[in-house]
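What the coordinates show
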Amino acid sequence: MLMETDYNPMELSSNTGFEEDSECKDIEGTDVKDMRLEAEAVVNDVLFAVSNMFVSKNLPCAEDVAYINVETRERNRYCLELTEAGLRVVGYAFDQADDGLQTPYHETVYSLLDSLSPAYREAFGNALLQRLEALKRDGQS
């Protein structure tokens, strides 16, 4: 994958396994994991700072594309497209991909959410501060 990985201020211990019903629907009917694995990692990285976020089970995945549904803390819903080019908004509802929507690509999910959600920015900043405080405490003991 060509996606860059940014620092994640929270270590999440959420479920990392895959359930059978969470497989992507591929056009040929075979299970495709490449971009889906990347999408799952994206979700796990920022789930703490949004209201809801999950990889779409209704839109088709391929080796080079996956879709992520996100609801910000402001209660705005988006459907994101994840490709080698990055992430971009493709719809303003869950599982909605509008081919006519021309939105810019963001290199990282952090950049995209930062542009969409002030509450995300605040939650991410607070998590980072807590993490720095913990490191400071650990360094003093």
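Now for a description of the structure that goes with this document. (Residues numbered from 1 in each chain as written. Predicted model: local features only at pLDDT ≥ 70, side-chain atom pairs only at ≥ 80, totals over all residues. Heavy atoms only, no water.)

This part takes up the sheet that holds strand β6 (residues 86-91). Pairing is antiparallel in the open sheet, where four strands are placed in the order β2-β4-β5-β6. The open sheet has two free edges, formed respectively by β2 (52-55) and β6, since each of these has just one partner strand. Averaged over neighbouring strand pairs, the angle between their axes works out to 25° when direction is ignored. Across the face of the sheet, helix α1 (residues 34-46) comes into contact with β2, β4 (66-71) and β5 (77-83) while running at roughly 165° to β2. Contacting β2, β4, β5 and β6, helix α2 (residues 109-116) runs over the sheet at an angle of about 40° to β6. (Pairing = 2+ DSSP bridges. Helix = DSSP H or I, 4+ residues; strand = E, 2+ residues; numbered from the N terminus. Axes fitted to C-alpha atoms, helices over the stretch in contact; angles between N-to-C directions. Contact = heavy atoms within 4.5 Å.)

Moving on, we come to the packing of α2 against helix α3 (residues 118-140). Two elements in contact, α2 and α3, have axes separated by 5 Å at closest approach and are oriented at 125°. When the axes of α2 and α3 are compared, the pair comes out oblique. Between α2, through Tyr110, Leu113, Asp114 and Leu116, and α3, the contact on the second element is made entirely by Pro118, Tyr120, Arg121 and Phe124. Of the residues in the contact of α2 with α3, the class split is six nonpolar, no polar and two charged. (Parallel < 35°, antiparallel > 145°, perpendicular 65-115°, else oblique. Nonpolar A, V, L, I, M, F, W, Y, C, P; charged D, E, K, R; others polar.)

Among the nonpolar cores identified, the biggest contains 28 residues, and Met53, Ile68, Leu80, Val109, Leu113 and Tyr120 are the most heavily contacted of them. Top contributing element to this core by residue count: α1, with five residues. Counting six residues, the second largest nonpolar core, distinct from the first, contains Leu59, Val65, Tyr67 and Cys79. (Core = buried A, V, L, I, M, F, W, Y, C linked by side-chain atoms within 4.5 Å. Buried < 20%, exposed > 50% of the residue type's maximum accessible area, 1.4 Å probe, protein only.)

Turning to the packing of aromatic side chains, a few remarks are in order. Going through the model one piece at a time under the given rule, you end up with five aromatic pairs. Grouped by ring-pair contacts, the aromatic residues Phe48, Tyr110, Tyr120 and Phe124 constitute a single cluster. Stacked on the ring of Phe94, the Lys or Arg Arg77 has its end atom at 4.1 Å from the ring centre. (Phe/Tyr/Trp six-rings, centres within 6.5 Å; stacked < 30°, edge-to-face > 60°. Lys NZ or Arg CZ within 6 Å of the ring centre and 35° of its normal.)

In this section: the packing of α1 against α2. Each packed pair of helices is defined by two parameters, the angle between the axes and the distance between the axes. Closest axis-to-axis distance for the α1/α2 pair is 11 Å, and the angle between their directions is 55°. With respect to α2, the axis of α1 lies oblique. As for the relative orientation of α1 and α2, their crossing is right-handed in sense. Residue-level inspection shows Val42, Asp45 and Val46 of α1 in contact with α2, the latter providing Val109, Tyr110 and Leu113. Grouping the amino acids of the contact of α1 with α2 by side-chain chemistry returns five nonpolar, no polar and one charged. (Left-handed = near helix turned anticlockwise from the far one by under 90°.)

Another point: a negative patch on the surface. Side chains of Asp34, Glu63, Asp64 and Glu84 sit close together on the surface and give a patch of like negative charge. Take Asp64: its relative accessible area is 47%, and that puts it in the partly exposed class. (Patch = residues over 30% accessible without salt bridge, like charges linked within 9 Å, V, L, I, M, F, W, Y side chains within 5 Å. Areas by Shrake-Rupley, 256 points an atom, 1.4 Å probe, with all protein chains shown as cover. Salt bridge = Lys/Arg side-chain N within 4 Å of Asp/Glu carboxyl O. Lys, Arg positive; Asp, Glu negative; His and termini not counted. Charge placed at Lys NZ, Arg CZ, Asp CG, Glu CD.)

Relative to the elements of secondary structure, Arg88 occurs in strand β6. A relative accessible area of 12% places Arg88 in the buried class. A sequence separation of 15 residues divides Arg88 from Thr103, and the C-alpha atoms of the two residues are 6.2 Å apart. Ignoring anything within four residues of it in the chain, the contact list for Arg88 reads Cys79, Leu80, Glu81, Leu101, Thr103, Pro104, Tyr105 and Leu112. Polar contacts involving the side chain of Arg88 include one to the main-chain carbonyl oxygen of Leu101, which spans 3.1 Å. In terms of polar contacts, Arg88 uses its side chain to reach the side chain of Tyr105, at 3.2 Å. (Polar contact = N/O pair within 3.5 Å; in protein donor to acceptor, adjacent residues only side chain to side chain.)

The values reported here are purely geometric and, on their own, carry no functional implication.
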